[in-house]
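Spelled out, the chains give:
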Amino acid sequence: MKELKIGERYTWDEVKEAYPGMWIRMSECNLTIGSGIIDGILIGVYNDDESINVEIKMLSEKSNDKLRRTAFDMGIGVIDCLNAEMEVRNEP
């Protein structure tokens, strides 16, 4: 696994490749229309157990940083779009 330097600007693709399945905190991000990260300054890399504490810290700091997971395992879904509807049906 290639390690990236904290405090340096990277593209989201570089971060995903270096840290698969990890939570990434980035600041000063350039975003897509749907709020996906194009690039940003790497602030930290976290596992699943650490991510909730990082999110709480970011909320208490009123941070504009982004905390995103580089990959999602089976059973986890993410919609990255402006107008989305989700519907659950119990049909045979």
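This is a predicted model, so every value here is computed, not measured.

Lay out the overall build of the protein chain with the relevant residues and their values.
Along the protein chain, the regular secondary structure elements total two helices and four strands. Sequence-ordered secondary structure for the protein chain, helices as α and strands as β, is β-α-β-β-α-β. Residues classed as buried in the protein chain amount to 30% of the 92 residues present. Relative to all contacts within the protein chain whose residues are 6 or more apart in sequence, the contacts with residues 24 or more apart total 51%. As displayed, the protein chain offers around 7000 Å² of accessible surface, 50% of which is attributable to carbon and sulfur atoms.

An account of the nonpolar core is requested, with residue identities and associated values reported.
Within the largest apolar cluster, eleven residues are counted, these being L4, Y10, W12, V15, A18, Y19, I24, M26, C29, I37 and L42. Listing elements by their share of this core, those giving two or more residues are α1 (12–18), β2 (23–31) and β3 (37–46). Setting aside residues no more than four positions away along its own chain, I24 makes contact with W12, V15, Y19, L42, G44, V45, K66, L67, R68 and T70. Core analysis: the next-biggest nonpolar cluster, separate from the first, contains five residues, Y46, V54, M58 and L67 among them.

Lay out the pattern of salt bridges in plain terms, naming residues and giving numbers.
Summed over the entire model, instances satisfying the criterion amount to seven salt bridges. Here R25 ties to E61 by a salt bridge, and the two come within 3.0 Å at their closest N and O atoms. Taken together, the residues span a long stretch of sequence, with R25 in strand β2 and E61 in helix α2 (residues 48–61) at a distance of 36 residues. Look at E61 and you get partly exposed, because its relative accessible area is 40%. Measuring nitrogen to oxygen at the nearest pair gives 4.0 Å for the salt bridge that ties E61 to K57. Taken together, the residues span about one helical turn, with E61 and K57 both in helix α2 at a distance of four residues. Accessibility expressed as a relative area gives 47% for K57, which makes it partly exposed. A single network of salt bridges, built from pairs that share partners, joins R25, K57, E61 and D65.

Scoring rules and cut-offs
- Residues numbered from 1 in each chain as written.
- Predicted model: local features only at pLDDT ≥ 70, side-chain atom pairs only at ≥ 80, totals over all residues.
- Heavy atoms only, no water.
- Helix = DSSP H or I, 4+ residues; strand = E, 2+ residues; numbered from the N terminus.
- Buried < 20%, exposed > 50% of the residue type's maximum accessible area, 1.4 Å probe, protein only.
- Contact = heavy atoms within 4.5 Å.
- Areas by Shrake-Rupley, 256 points an atom, 1.4 Å probe, with all protein chains shown as cover.
- Core = buried A, V, L, I, M, F, W, Y, C linked by side-chain atoms within 4.5 Å.
- Salt bridge = Lys/Arg side-chain N within 4 Å of Asp/Glu carboxyl O.

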